[in-house]
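Observations on chain architecture
One-letter residues, chain by chain:
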Amino acid sequence: MMAVRGSRALCCSLLLLLLLTVSGVRAAEQDSQSGTVIPAESRPCVDCHAFEFMQRALQDLKRTANNLNTRTEDLLLRVEQRALCDCLPSNLVG
């Protein structure tokens, strides 16, 4: 009995998802048809868009790598400082 209810609920969910997808596609088609047409000469080529995208992605990766390097250096300095403090007697540290 529970399996039948579960399968009905699953079928209803899938049907609802399908209906939402179809209505979203139709709305997107209407939006694209109602927009203005830009002549091909004034649009950047696909290669230019790909190059710009890859350039931004590379810049993001460089920033992330620099941030990780900085954080790693900070953590290593803290570890070295703790190790140094653990090795020295407490009357010499403070």
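What you are looking at is a predicted structure, and each value in this text was computed from that prediction instead of being measured.

On to the overall build of the chain. Looking only at helices and strands, the chain features three helices and zero strands. Secondary structure elements in the chain, listed N-terminal to C-terminal, are α-α-α. By residue count, 0% of the 94 residues in the chain fall in the buried class.

Together, L15, L18, L19 and V22 line one region of the surface with nonpolar side chains, adding up to about 370 Å² of accessible area. Mapping L19 onto the fold places it in helix α1 (residues 2–34).

Residues annotated by UniProt as "coiled-coil region" (unreviewed entry) correspond here to residues 51–78. For residues 51–78, the helix share is 100%, the strand share is 0%, and the end-to-end C-alpha distance is 41 Å.

Between side chains of opposite charge, a pair can form when the charged atoms approach closely. Using the criterion set out here, one finds one salt bridge in the structure. A salt bridge links D60 to R63; the shortest N-O distance between them is 2.9 Å. Note that D60 and R63 are positioned in helix α2 (residues 46–87) at a spacing of three residues, about one turn of the helix. Its relative accessible area of 48% is what places R63 among the partly exposed residues.

Thresholds, definitions, all that
Residues numbered from 1 in each chain as written. Predicted model: local features only at pLDDT ≥ 70, side-chain atom pairs only at ≥ 80, totals over all residues. Heavy atoms only, no water. Helix = DSSP H or I, 4+ residues; strand = E, 2+ residues; numbered from the N terminus. Buried < 20%, exposed > 50% of the residue type's maximum accessible area, 1.4 Å probe, protein only. Patch = residues over 30% accessible without salt bridge, like charges linked within 9 Å, V, L, I, M, F, W, Y side chains within 5 Å. Areas by Shrake-Rupley, 256 points an atom, 1.4 Å probe, with all protein chains shown as cover. Salt bridge = Lys/Arg side-chain N within 4 Å of Asp/Glu carboxyl O. UniProt positions renumbered as here; feature names shortened; annotations may be inferred.

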